[in-house]
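Okay, here's what each chain looks like letter by letter:
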Amino acid sequence: EREKYRTLGGYFVMTRDYEKAVENYEMLIARYPADTAGHANLALAHFNLLNFQKADEEGRKAEKILPTSVKFTSNNSLYAMYAGNFAASAVQANTIITLDPKSYVAYLPLAIAELAAGNADAARDAYIRMAGTDSTGQSVAAMGLADLALYQGRPADARAILENAVVEDVRTGNTGGVISKYVAIAETWGLEGRKAEALAAAKEAVAGGRDETALLPAARIFLAAGKGAEARGFSVELEKQVRKAA
């Protein structure tokens with residue numbers, strides 16, 4: 001019975017039926033309260049439903065049962081960050097960094113916690129430290145530094161960071177990084193009212209991949225630029241993908 005609930009839960013997560021995943025994992029932990037995988041995966045399902053408070057709660061339950069799990073601590077740092085518990089997320093992130101300084105993802109909660117406290121320089125330092133971990137950390141850090149520049153009202157600086165970083169993403173074959181950076185570049189142009197440049201960058205994002213990570217933001221960018229027909233085309237394409245997956 002326990003294995004049945006675990007397997008079904010994994011199936012529902014993989015098929016993005018997160019409501020069913022929550023229902024399934026709740027039945028699992030009701031029967032087996034010390035099942036760490038049940039609590040951890042229930043946290044993940046809540047996270048994907050954007051219920052960050054519940055994700056934080058369930059993640060902490062899993063960590064309490066198995067406090068030596070680096071993975072649980074790392075995940076919980078992110079859950080706490082998304083739930084707005086910045087102090088707790090920073091404590092957990094520092095724990096991970098002590099154990100593994102090359103864990104790039106641990107630096108994100110640190111940066112966000114510092115930014116939430118009004119310490120932009122400390123947030124920038126956290127992203128710079130993230131960039132020194134590996135190529136993935138470097139890619140994510142570039143997005144963080146660009147976000148920081150946008151937050152401070154410096155779209156041109158953000159664009160310069162992104163344009164330099166996207167070259168490295170192309171070199172390393174980081175397709176997701178390429179798409180996200182072209183989307184962000186398009187948004188910087190949009191903030192400056194440069195519709196042609198925004199559309200060109202959005203087209204580059206779609207050229208990198210025709211899934212929801214590219215089509216959805218591209219549709220919004222085209223719509224904002226007054227290109228309703230093109231935006232509708234992207235949305236229709238995305239709708240077909242969703243129906244096919246269902």
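Values in this document were obtained by computation on a predicted structure and should not be read as measured data.

Trainee: Explanation requested: the nonpolar core in the structure shown.
Mentor: Soluble globular proteins: nonpolar side chains tend toward being buried together. If you look at the biggest cluster of nonpolar residues, it comprises 29 residues, and the most contacted ones within it are Tyr182, Ile185, Ala202, Ile221, Phe222 and Phe234. Mapped by element, the contributors of at least two residues to this core are helix H9 (135-151), helix H10 (155-172), helix H11 (175-191), helix H12 (195-208), helix H13 (212-224) and helix H14 (228-245). Broken down by element, the residue count for this core peaks at 8 residues, all from H11. Dropping the residues within four chain positions of it, phenylalanine 234 is found in contact with Val206, Arg210, Leu215, Ala218, Ala219 and Phe222. Counting residues in each nonpolar core, the second largest holds 14 residues, with Ala90, Ala126, Tyr127 and Ala141 among its members.

Trainee: Looking at this model, I keep getting lost on the side chain of asparagine 76. Mind explaining?
Mentor: One can find asparagine 76 in helix H5 (residues 70-82). A polar atom in the side chain of asparagine 76 sits 2.8 Å from the backbone oxygen of glycine 59. Residue contacts for asparagine 76: discarding those within four places in its chain leaves Asp56, Gly59, Arg60, Glu63 and Gln92.

Trainee: Would you mind showing me how to read the packing of H5 against helix H6 (residues 86-99) here?
Mentor: The N-to-C vectors of H5 and H6 enclose an angle of 150°; their axes lie 8 Å apart at closest approach. For the element pair H5 / H6, the angle class is roughly antiparallel. Judged by the twist between their axes, the crossing of H5 over H6 is left-handed. Of the residues in H6, those in contact with Val70, Thr73, Ser74, Asn76, Ser77, Ala80 and Met81 of H5 are Phe86, Ser89, Gln92, Ala93, Ile96 and Leu99. Its residues placed into classes, the contact of H5 with H6 shows 7 nonpolar, 6 polar and no charged.

Trainee: Before we go on, may I ask you to explain helix H4 (residues 52-65) in this structure?
Mentor: Helix length check: H4 (14 residues) gives 20 Å between terminal C-alpha atoms against 20 Å at 1.5 Å per residue, within 8%. Those residues of H4 that are buried lie in contact with helix H2 (18-31), helix H3 (36-48), H5 and H6.

Trainee: Explanation requested: H10 in the structure shown.
Mentor: Structurally, the α-helix is built with 3.6 residues per turn, so residues lying three or four positions apart point the same way. In this model, H10 (18 residues) spans 26 Å end to end at C-alpha, consistent with the 26 Å of a helix rising 1.5 Å per residue. Of all the positions in H10, only Pro155, Ala158, Arg159, Leu162, Ala165, Val166 and Asp169 are classed as buried. Buried residues of H10, seen end-on, are gathered within an arc of 140° and therefore sit on one face of the element. When the buried face of H10 is taken as reference, the exposed residues oriented beyond 90 degrees from it are Asn164, Val167 and Arg171. Buried residues along H10 sit in contact with H9 and H11. Taken from the residues just after H10, glycine 173 is the one with a positive phi, measuring 75°.

Trainee: Help me out: how do you make sense of the side chain of serine 74 in this one?
Mentor: With respect to the element layout, serine 74 can be found in helix H5. Serine 74 has contacts with Ile96 and Val105, leaving out every residue within four places of it along the chain.

Trainee: I keep staring at the pattern of salt bridges and nothing clicks. Help me out?
Mentor: Note that side chains of opposite charge can pair when their charged atoms are close. All told, the structure shown has 15 salt bridges when counted by the stated rule. Residues glutamate 237 and arginine 210 are paired through a salt bridge, measuring 2.8 Å at the closest nitrogen-oxygen approach. One end of the pair, glutamate 237, is in helix H14; the other, arginine 210, is in the loop between H12 and H13, with 27 residues separating them in the sequence. One continuous salt-bridge network, built from bridges that share partners, spans Arg2, Arg6 and Asp35.

Cut-offs used in this document
- Residues numbered from 1 in each chain as written.
- Predicted model: local features only at pLDDT ≥ 70, side-chain atom pairs only at ≥ 80, totals over all residues.
- Heavy atoms only, no water.
- Core = buried A, V, L, I, M, F, W, Y, C linked by side-chain atoms within 4.5 Å.
- Buried < 20%, exposed > 50% of the residue type's maximum accessible area, 1.4 Å probe, protein only.
- Helix = DSSP H or I, 4+ residues; strand = E, 2+ residues; numbered from the N terminus.
- Contact = heavy atoms within 4.5 Å.
- Polar contact = N/O pair within 3.5 Å; in protein donor to acceptor, adjacent residues only side chain to side chain.
- Axes fitted to C-alpha atoms, helices over the stretch in contact; angles between N-to-C directions.
- Parallel < 35°, antiparallel > 145°, perpendicular 65-115°, else oblique.
- Left-handed = near helix turned anticlockwise from the far one by under 90°.
- Nonpolar A, V, L, I, M, F, W, Y, C, P; charged D, E, K, R; others polar.
- Expected span 1.5 Å × (residues − 1).
- Arc of directions from axis to C-beta.
- Salt bridge = Lys/Arg side-chain N within 4 Å of Asp/Glu carboxyl O.

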